[in-house]
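Notes for the structure review
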Amino acid sequence: MSAMDRAANLARLRDEDFDVLVIGGGATGAGIALDAAARGLRTALVEAGDFASGTSSRSTKLVHGGVRYLERAVTHLDRAQFRLVREALAERATLLGIAPHLVHPLRTVVPAYSLRDAIFYRTGLWMYDRAAGAAGIGRSRYLSRAEMLRAFPGLRRKGLRGGVAYYDGQFDDARMNVTLVASAAAAGAAVVNYAYVTGFARSDGHIRGAAVRDMIGGEAVDVRARCVVNATGPFADTVRRMADPAARPMMKPSRGTHLAFDADWAPHGDALLIPRTPDGRVLFVTPWEGSVIAGTTDEPAPAASTPHPTEAEIDYLFEQLGHWFDPPPGRDDMRSSWAGLRPLIADPEAGGNTAKLVREHHIEVGKGGLVTIAGGKWTTYRLMAEETLDRVVADNDFDARPCSTRERPLLGAEGYSEDLAVTLAERHGLPGDVAAHLAHAYGGRAEELLSLAPAAANARLAEGHPYIEAEVVWAAGREMALTTEDVLARRLRLAFIDRDAANAARPRVEELLANAR
Ligand code: FAD
């Protein structure tokens, strides 16, 4: 039986005594569950919706040090910002090592329309290279005007002087999230999606577990745990108040919207950083999953389970893109849009401008011993997990092994190599795009996936996209996908990049899921 069998995991929640119960199956919670299980702690993870259904599937997909934090570090001589950059660059190198199938280097270009800007960007990115040190993945350099236009032929030409290229990482956030959960399960954690925490159980004033509602079967389950970790991202305050109704708010979520385009803006696979918007933001235009995504906005917003982009945000993004592209993209080119909530920590000095908040994480041990980990970014999930677990182990006097996640490969890393796609294509007669997609999404487990449903292996779910039917069978059996949206939005990413294609594929996915149940 797969370690990701939901019924068996749910039974474990009911029957076992855990050392650590993690609430929230996004990047942060999944990272903590893996770290805890790898240290030998009896670990459970519950997620109210699907794994990665919150912020962690809605990011810009960059594994990055944060070029704009560096700008602030330099212009305000701010050591804290510089430390954030270094920390994230070290994590970037770690993630490339533990998940080479899911994370890859991405060349990013920054256009310059004046000599002053070109010098400013070049100096900043030289410092970025220096901050990365041995964790660097490629050196930044000047680009001539011709090189800049080769990377992005649609850029506005008038006044363009050239630009600068630098390297960051890119990944598939939801697949990384599901892989973290599956890796935690393989290490012994009990993991359950659609399991909502409604309250806490106490003994002598100490939180010793949580009341969990199975959102599929409707059953109430009391989970017993010596320590409970709140990793609910934008919902951290809601869960803190379940433990302590008087807890002062800690979070100040901000909504970020992306648009997906059917466009070949970047024929050589580079990303574009738009360095300046009138409200002081940077925007990214990145090739991703055969599509181009552009974002993001930054609007203070309440915690809501499915945030939606507003028309004003979509208009804002089109307006900004219109400044940089000639001809500008039109609404007809847009294939999809989505929004996510940054789990930012409130900073009273930020004066309501969330673009100025520091994306740093914070660990709180609250009333009854509830541990809350809040803030941070995808890139630093592993570090956040390590620091949280160090605290949990020390406070509870747990007998645990040291953290091993810096070197521990995620599922699929073993058996992955640069030429896996070619091997898969040859061995299974797969088209190049399908083989490349399988190699990157599943790494060394792609062979096993293909062996699960050999007859269906080659059938595409949507014309022009590399997703195949065998993945639905795999998602149901090995990745705890329960609904068509789990499959189309998070195990595959079709719903994020092409809403119409996802809707057209829905009946077939439903059929395959029903057969797999
Ligand atoms: P979430 O992913 O939101 O997970 C919290 C989970 O808790 C949710 O799934 C929710 O359902 C669950 N939950 C809530 N209440 C309960 C309950 N009562 N019981 C059980 N479960 C519950 N970072 C980067 O490094 N690179 C980027 O390019 C990047 N781009 C971004 C772009 C945007 C627009 C946004 C919004 C963020 C971006 N980030 C990026 C930041 C990054 O995505 C987040 O920091 C990270 O995903 C947060 O993960 P999390 O697990 O803390 O929160």
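Owing to the predicted nature of the structure, the values given are computational and were not obtained by experimental measurement. (Residues numbered from 1 in each chain as written. Predicted model: local features only at pLDDT ≥ 70, side-chain atom pairs only at ≥ 80, totals over all residues. Heavy atoms only, no water.)

Considerations on the site of the ligand
Put simply, the rule reads: Being near a molecule or strand, for a residue, comes down to having at least one heavy atom within 4 Å of it. Any pair of nitrogen or oxygen atoms within 3.5 Å is treated as a polar contact; in protein, a donor-acceptor pairing is required on top of that, and neighbouring residues in sequence qualify only through side-chain atoms on both sides. Calculation of accessible area relied on Shrake-Rupley with a 1.4 Å probe; when residues are assessed, cover is drawn exclusively from the protein chains displayed. Where helices and strands are cited, they refer to DSSP runs of H or I of at least four residues and of E of at least two residues respectively, numbered from the N terminus. Residue polarity follows a fixed list, in which Ala, Val, Leu, Ile, Met, Phe, Trp, Tyr, Cys and Pro are nonpolar, Asp, Glu, Lys and Arg are charged, and the others, Gly among them, are polar. The start and end points of each domain follow an automatic or database-based domain assignment.
Every one of the 37 residues lining the ligand counts as a neighbour, but Thr 28, Glu 47, Ser 56, Leu 62 and Thr 379 are closest to it. Ser 56 has a polar side-chain atom sitting 2.5 Å from an oxygen atom of the ligand. In isolation the ligand exposes 1,000 Å². Once the protein is present, 94% of that is buried. At the level of elements, α2 (27-38), β8 (195-203), β11 (254-261) and β16 (334-342) are the ones that each hand at least two residues to the shell around the ligand. Taken together, the residues that form the shell around the ligand break down as 15 nonpolar, 17 polar and five charged. No fewer than three residues from each of domain 1 (6-56 + 175-251 + 356-396) and domain 2 (99-170 + 252-344) sit in the shell around the ligand.

A short note on the layout of surface pockets
To find leftover empty space, a probe the size of one water molecule is rolled over the atoms. The line we're drawing: Only protein atoms enter the 1 Å grid used here, on which a cavity is any set of points holding a 1.4 Å probe that cannot leave and a pocket is any open set flanked by protein within 12 Å on both sides along at least five of seven lines; residues with an atom within 4 Å of a point are listed as lining. Grid points are joined across faces, edges and corners, and a volume is the space filled by probe spheres set on the points.
Empty space within the second largest pocket amounts to approximately 430 Å³. Residue lining of the second largest pocket: 21 residues in total, with His 104, Glu 289, Ala 436, His 437 and His 440 positioned closest to the centre. Of all the secondary structure elements, the ones that give two or more residues to the lining of the second largest pocket are β6 (162-171), β13 (283-288) and α12 (432-442). Among the elements that take part in the lining of the second largest pocket, α12 stands out by supplying five residues, more than any other.

Considerations on the packing of aromatic side chains
Any aromatic ring pair is given by two values, namely how distant the centres are and how the planes are angled relative to each other. Note the threshold: Each aromatic pair joins two rings of Phe, Tyr and Trp (for Trp, the six-membered one) with centres within 6.5 Å, and gets the label stacked for planes under 30 degrees apart, edge-to-face for over 60, and tilted for any other angle. Only protein chains enter the area calculation, which uses a 1.4 Å probe; residues under 20% of their type maximum are buried, those over 50% are exposed, and those in between are partly exposed. Our definition puts a charge over a ring when NZ of Lys or CZ of Arg is within 6 Å of the ring centre and also within 35 degrees of the ring normal.
This model, assessed by the stated rule, comprises eleven aromatic pairs. Ring geometry for Phe 261 against Phe 318: centres 5.7 Å apart, planes inclined by 85 degrees, an arrangement best described as edge-to-face. Here Phe 261 is found in strand β11, whereas its partner Phe 318 is found in helix α9 (residues 311-324), with 57 residues between them in sequence. Accessibility expressed as a relative area gives 0% for Phe 261, which makes it buried. On the basis of relative accessibility, which here comes to 13%, the residue Phe 318 falls in the buried class. Ring geometry for Trp 265 and Phe 325: centres 4.7 Å apart, planes at 20 degrees, overall stacked. Taken as a pair, Trp 265 in the loop between β11 and β12 (271-274) and Phe 325 in the loop between α9 and β16 lie far apart in primary sequence, 60 residues in all. Residue Trp 265 is classed as buried on the basis of its relative accessible area of 14%. By way of ring pairs, the aromatic residues Phe 152, Phe 261, Trp 265, Phe 318 and Phe 325 are connected into one cluster. Positioned over the ring face of Trp 288 is Lys 61, at 4.7 Å from the centre of the ring.

As for the side chain of Asn 177
Here is the rule we go by: Residues count as neighbours in contact if any of their non-hydrogen atoms are within 4.5 Å of one another.
Mapped onto the elements of the fold, Asn 177 is located in helix α7 (residues 173-186). Taking the relative accessible area as the measure of exposure, Asn 177 reaches 0% and is therefore buried. Residues contacting Asn 177, with those up to four places away along its chain left out, are Gly 25, Gly 26, Ala 27, Ala 30, Ala 52, Ser 56 and Trp 378.

Let's talk about helix α14 (residues 469-478)
At 3.6 residues per turn, the α-helix brings residues three or four places apart onto the same side. Along α14, the residues that are buried comprise Glu 469, Ala 470, Glu 471, Val 472, Trp 474 and Ala 475. Lining the buried residues of α14 we find α12, α13 (446-452), α15 (484-491) and α17 (499-516). Positioned one or two residues after α14, Met 480 has a phi angle of 55 degrees, which is positive.

Describing the pattern of salt bridges
To keep it simple, the criterion reads: Salt bridges are counted wherever a side-chain nitrogen of Lys or Arg sits within 4 Å of a carboxyl oxygen of Asp or Glu.
Tallying each qualifying case throughout the model produces 41 salt bridges. Asp 50 is the partner of Arg 490 in a salt bridge, and the nearest nitrogen-oxygen pair spans 2.6 Å. Note that Arg 490 is positioned in helix α15 and Asp 50 in the loop between β2 (43-46) and β3 (62-63), a separation of 440 residues in sequence. Here Arg 490 and Asp 50 have matching classes, each one buried. Here the residues in one salt-bridge network are Asp 50, Asp 486, Arg 490 and Arg 491, joined through shared partners.

Here we look at the state of the cysteines
In plain terms, the rule: Note on disulfides: each one is a pair of cysteine sulfur atoms within 2.5 Å.
Applying the stated criterion to the full structure yields zero disulfides. With no disulfide partner, Cys 403 has as its closest neighbouring cysteine sulfur the one in Cys 227, 16 Å distant. The class of Cys 403 is partly exposed, set by a relative accessible area of 23%.

So, a nonpolar patch on the surface
Which entries qualify depends on this criterion: Like-charged residues are merged into a patch within 9 Å and nonpolar side chains (Val, Leu, Ile, Met, Phe, Trp, Tyr) within 5 Å, provided each residue has over 30% relative accessible area and no salt bridge.
On the surface, Leu 115, Ile 119 and Tyr 142 cluster together into a nonpolar patch covering about 300 Å² of accessible area. By secondary structure assignment, the location of Tyr 142 is in strand β5 (residues 141-144).

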